[in-house]
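So you can see what is in the structure, the chains are spelled out below.
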Amino acid sequence: MLMAEPINVTVTGAAGQIGYALLFRIASGQLLGADKKVKLRLLEIPAATRAAEGTALELEDGAFPALAGVDVFDNPKQAFEGTNVALLVGARPRTKGMERGDLLEANGGIFKPQGEAINAGAASDIKVLVVGNPANTNALIAQQHAPDVPADRFTAMTRLDHNRALAQLAGKLGVSVEALKKVTIWGNHSATQYPDVSHATVNGSSVRDAINDQAWLADEFIPRVAKRGAEIIEVRGASSAASAASAAIDHVYTWVNGTAEGDWTSAAVVSDGSYGVPEGLISSFPVTAKDGRFEIVQGLEIDEFSRTRIDASVAELVEEREAVRKLGLI
Ligand code: NAD
Ligand code: LMR
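The structure displayed is predicted, hence computed values, not measured ones.

About the criteria used
Residues numbered from 1 in each chain as written. Chains lettered and ligands numbered in written order. Predicted model: local features only at pLDDT ≥ 70, side-chain atom pairs only at ≥ 80, totals over all residues. Buried ≥ 20, exposed ≤ 12 C-beta atoms within 10 Å, placed from the backbone. Helix = DSSP H or I, 4+ residues; strand = E, 2+ residues; numbered from the N terminus. Pairing = 2+ DSSP bridges. Near = placed C-beta within 6 Å. Domains from an automatic or database assignment. Contact = placed C-beta atoms within 7 Å. UniProt positions renumbered as here; feature names shortened; annotations may be inferred. Expected span 1.5 Å × (residues − 1). Axes fitted to C-alpha atoms, helices over the stretch in contact; angles between N-to-C directions. Left-handed = near helix turned anticlockwise from the far one by under 90°.

## Looking at the pairing of strand S14 (residues 293-296)
Only one face of S14 is covered, namely the face carrying Phe294 and Ile296; the face carrying Arg293 and Glu295 is uncovered. Alignment of strand S13 (residues 282-290) against S14, held across 4 bridges, turns out to be antiparallel. Within S14, the position partnered with alanine 289 by the bridge is phenylalanine 294. Linkage of S13 to S14, two consecutive antiparallel strands, is achieved through a turn of 2 residues, within which aspartate 291 is found at a positive phi near 50°.

## Topic: the site of ligand 1
Close to ligand 1 lie 29 residues, the nearest being Gly13, Gly16, Ile18, Gly90 and Ala91. Counting residues per element, the shell around ligand 1 draws most heavily on helix H1 (residues 17-27), which supplies 3 residues.

## Some remarks on the domain arrangement of the chain
Domain annotation of the chain identifies domain 1 (7-156) and domain 2 (159-320). Taking the mean C-alpha position of each, domain 1 and domain 2 sit 23 Å from one another. With 31 residues of domain 1 at the contact, the number on the domain 2 side is 28 residues. Of all the secondary structure elements, the ones that give two or more residues to the side of domain 1 that touches domain 2 are H1, strand S4 (85-88), strand S5 (127-130), helix H5 (135-144) and strand S6 (154-156). Sort the elements by how many residues they give to the side of domain 1 that touches domain 2 and H5 lands first, with 6 residues.

## Remarks on the UniProt feature "binding site: NAD(+)" (unreviewed entry) in the chain
Residues given the UniProt feature "binding site: NAD(+)" (unreviewed entry) here are Gly13, Ala14, Ala15, Gly16, Gln17, Ile18, Gly19, Asn107, Gln114, Val131, Gly132 and Asn133. Positionally, glycine 16 belongs in the loop between strand S1 (7-12) and H1. Setting aside chain neighbours within four positions, we find glycine 16 in contact with Val89 and Gly90. Tracing the backbone shows glycine 132 in the loop between S5 and H5.

## Some words on the environment of asparagine 138
With respect to the helices, strands and loops of the structure, asparagine 138 is situated in helix H5. Under the C-beta neighbour-count criterion, asparagine 138 is labelled buried, with 30 such atoms within 10 Å. The sequence separation of asparagine 138 and aspartate 272 amounts to 134 residues, and the corresponding C-alpha distance is 18 Å. Setting aside residues up to four positions removed in sequence, asparagine 138 forms contacts with Ala91, Asn107, Gly108, Phe111, Val130 and Gly132.

## Points about the environment of alanine 230
Within the fold, alanine 230 resides in helix H9 (residues 228-236). Between the alpha carbons of alanine 230 and aspartate 161 there is a distance of 12 Å; along the sequence they are 69 residues apart.

## Quick notes on helix H10 (residues 242-257)
Between the first and last C-alpha of H10 there are 22 Å, a value that for 16 residues agrees with the 22 Å anticipated at 1.5 Å per step. Turning to H10, its buried residues are Ala244, Ala245, Ala247, Ala248, Ile249, His251, Val252 and Trp255. Directly after H10, the chain includes glycine 258, whose backbone phi takes a positive value near 95°.

## Looking at the sheet that holds strand S11 (residues 205-206)
The sheet built from 3 strands is open, its strands ordered S7-S10-S11 with antiparallel pairing. Two strands in the sheet have a free side with no partner beyond their single neighbour: strand S7 (180-181) and S11.

## Quick look at the packing of helix H4 (residues 103-121) against H5
Between H4 and H5, the shortest axis-to-axis distance is 7 Å and the interhelical angle comes to 35°. Where H4 crosses over H5, the two elements pack in a sense that is right-handed. Within the contact between the two elements, H4 uses Leu104, Asn107, Gly108, Phe111, Lys112, Gln114, Gly115 and Ile118 and H5 uses Thr137, Asn138, Ile141, Ala142, Gln143 and Gln144.

This is the structure we're talking about:
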């Protein structure tokens, strides 16, 4: 039986390629659980609302039992009114040869009004996931413009990087991804991110020992995962879409429904100063989820190899924060 009261889910960039892959998965009940009804609120720029309306017609044609309705908006204030879950996807994707830093100015301006609109009208249990790049800093901008919303409700997506890491390790070890636990992505959703296996296990044993090849980890695995976004752009001719949508589903589902006992996932959350990451930065950490809250896993030993890489990615986040400060975006 589906619950009577629908949960409002706002998706920005609804007419984009991630939006197209994401909306049908939400409508089929995969975002929150098939027992929960969802009302979709799609936000687009005026030039793309017609395309979003077309997608809304297709969503209707899906006859999804979990879908309680779809509305299309070009005004953030209306789109975020009463929303419980906000997926901020709408942004300009990186194209060939473009670095993520180039996107700061282009995309930063989008997230200020959206943060303000969330502050003004979202439901008191609002949860925000920023997918649009540069995701960590866009999340910071939105969060800074929503002073009445608890800061920990703003997150950015590194679950795609986490899933990429799982897939690469599973391939190397010849196991199913389910055999792997405690893999971590630290830092920024960018090429500086640090995919870390120091605490990871495969069927309960150390991944490092099972691989027994530090050169593969340092010279193949880490850059492969960290640069996978660019690889997809190069090979596909467009940035990742269905895999990004899938990771967004995983992120919110885990946030709402919790992590499995003895495992964790990766998400970019507001730093409380843990592991030397400056307070307030939205940086990826190993996190558990329980009762609708993410918590940073505490007390992990960080060796020198890891320390250097975490620090490098966090330094990039500090630089991005400085850049958006200079642009007057926070
Ligand atoms: P896309 O260009 O296909 O779609 C973006 C959509 O956003 C467009 O329809 C556009 O009209 C809309 N949009 C732009 N400004 C908007 C605004 N102010 N309000 C509402 N909608 C707006 O792009 P895409 O491939 O769907 O990617 C979206 C974003 O996700 C990009 O920034 C991309 O780099 C990022 N991304 C992040 C990850 C991650 O792991 N965090 C992975 C893949 C892609
Ligand atoms: C990805 O990781 O696939 C995206 O963030 C694309 C990009 O711009 O790197």
